[in-house]
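Inside the fold
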Amino acid sequence: MLMDNKNMLSGKKILIMGVANQRSIAWAIAKAYASAGAELAFSYQNGRFKGKVEKLVESEMPGSLLVPCDVTDDGDIENLASILQNKWGTLHGIVHSMAYAKKEELEGMFVNTSREGFLLAQNISAYSLTAVSKLLYPLMKEGGSIITLTFQGSERVVPNYNVMGVAKASLEASVRYLASDLGSMGIRVNAVSAGPIRTLSAKGVKNFNRLLEGVEEKTPLRRLAGVEEVADTALFLASDLSSALTGTILYADCGYHIMGA
Ligand SMILES: NC(=O)c1ccc[n+]([C@@H]2O[C@H](COP(=O)([O-])OP(=O)(O)OC[C@H]3O[C@@H](n4cnc5c(N)ncnc54)[C@H](O)[C@@H]3O)[C@@H](O)[C@H]2O)c1
């Protein structure tokens with residue numbers, strides 16, 4: 001966290017989805033939210049991530065709720081909703097920080113994308129925002145803020161990002177439709193478009209290091225956005241400071257998205 005934002009989220013109960021390890025963007029967001037006074041719950045994909053996430057959360061935010069939830073499984077999302085209903089009753093925020101595409105779809109020509117790979121990327125990386133919102137918005141009885149993470153590859157061609165770029169375009173359109181549906185209930189839906197950051201998922205994109213170098217050279221600020229800066233943007237979107245923002249994509253990318261060639 002770059003500034004002293006103590007109490008910015010005090011009294012707010014927020015679900016963080018998508019911590020895999022200490023490098024995850026979701027983890028940086030969780031740390032920013034915890035420092036701002038939020039009470040947090042975490043969902044993780046499955047048993048493969050359980051130990052790591054438990055250890056991280058226990059060391060820095062002991063006592064937080066931890067629930068397994070594979071977002072391709074409606075039963076898992078129903079279970080998550082019922083646990084949050086029983087433990088908290090009211091929810092004020094969701095951070096959706098999850099995506100997946102097969103490694104072989106994140107290299108070479110987009111034209112070679114398989115039907116199965118396309119649908120898998122859409123299911124996990126885009127549809128899951130709607131699936132989760134559908135079952136959790138009823139808990140946002142006092143209004144709330146739903147935030148997802150996206151990337152510039154949704155609007156422009158980024159080599160090797162391929163099927164994930166198309167999934168992010170779908171995710172961003174979902175943000176707008178969900179914002180329109182849920183606005184009358186005081187629920188805001190927004191996305192943070194982060195610049196490239198070295199994480200577990202990013203490793204799946206071929207030549208990711210080359211992408212980092214290219215972006216760093218081109219950004220107006222002449223540097224890459226740090227994960228804490230992305231987290232601070234998510235903090236703003238969860239807080240009442242952004243109360244008039246919904247359906248927006250905020251770019252935490254040191255200005256990369258405005259550049260042409
Ligand atoms: N790293 C970057 O450069 C970058 C840039 C912009 C946007 N993003 C986005 O940020 C988000 C978080 O990614 P990250 O970079 O922190 O990587 P990460 O690997 O740390 O996080 C991705 C998360 O998605 C989860 N996930 C995948 N399939 C799932 C499923 N079926 N059910 C539940 N969870 C599932 C993984 O368990 C993991 O926790 C993603 O949406 C990613 O596209 C990343």
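Look above for the structure.
A brief report on the enclosed structure follows. The structure presented is a predicted model; accordingly, all values stated were derived computationally and were not measured.

About the cut-offs
- Residues numbered from 1 in each chain as written.
- Predicted model: local features only at pLDDT ≥ 70, side-chain atom pairs only at ≥ 80, totals over all residues.
- Axes fitted to C-alpha atoms, helices over the stretch in contact; angles between N-to-C directions.
- Helix = DSSP H or I, 4+ residues; strand = E, 2+ residues; numbered from the N terminus.
- Left-handed = near helix turned anticlockwise from the far one by under 90°.
- Contact = placed C-beta atoms within 7 Å.
- Nonpolar A, V, L, I, M, F, W, Y, C, P; charged D, E, K, R; others polar.
- Pairing = 2+ DSSP bridges.
- Near = placed C-beta within 6 Å.
- Core = buried A, V, L, I, M, F, W, Y, C linked by C-beta atoms within 7 Å.
- Buried ≥ 20, exposed ≤ 12 C-beta atoms within 10 Å, placed from the backbone.

Another aspect to go through is the packing of helix 3 (residues 74–87) against helix 4 (residues 115–136). Each pair of packed helices gets described by two things: the angle between the helix axes and the distance between those axes. Where helix 3 meets helix 4, the closest approach of the two axes is 9 Å, and the angle between their N-to-C directions is 35 degrees. The crossing of helix 3 and helix 4 is right-handed. Counted together, Asp74, Ile77, Glu78 and Ala81 of helix 3 and Ala131, Val132, Leu135 and Leu136 of helix 4 form the full contact between these two elements. Of the residues in the contact of helix 3 with helix 4, the class split is six nonpolar, no polar and two charged.

A few words on the sheet that holds strand 1 (residues 13–17). Strand order in this open sheet of seven strands is 3-2-1-4-5-6-7, and the pairing throughout is parallel. Only two strands of the sheet have a single partner each, and these edge strands are strand 3 (65–68) and strand 7 (249–252). Along the sheet, successive strands turn relative to each other by an average axial angle of 20 degrees, direction set aside. Sheet topology places strand 1 next to strand 4 (residues 93–96); four bridges connect them, and they run parallel. Looking at strand 4, one finds that Leu15 is bridged to Ile94. Strands in contact with helix 1 (residues 25–35) are strand 1, strand 2 (39–44), strand 4, strand 5 (144–150) and strand 6 (187–194); relative to strand 1, the strand with the most contacts, it is inclined by about 165 degrees. Packing against the sheet, helix 2 (residues 47–60) makes contact with strand 2 and strand 3, and its axis sits at approximately 165 degrees to strand 2.

Taken together, 26 residues lie near the ligand, and Ala20, Ser24, Leu149, Thr199 and Ser201 sit nearest. In terms of residue class, the shell around the ligand is built from 17 nonpolar, eight polar and one charged.

This part takes up the nonpolar core. Ranked by internal contacts, the top residues of the largest apolar core, which has 73 residues, are Ile16, Ile29, Tyr33, Val230 and Ala234. Val230 has contacts with Ile25, Ala28, Val192, Ala194, Ile197, Ala225 and Ala252, leaving out every residue within four places of it along the chain.

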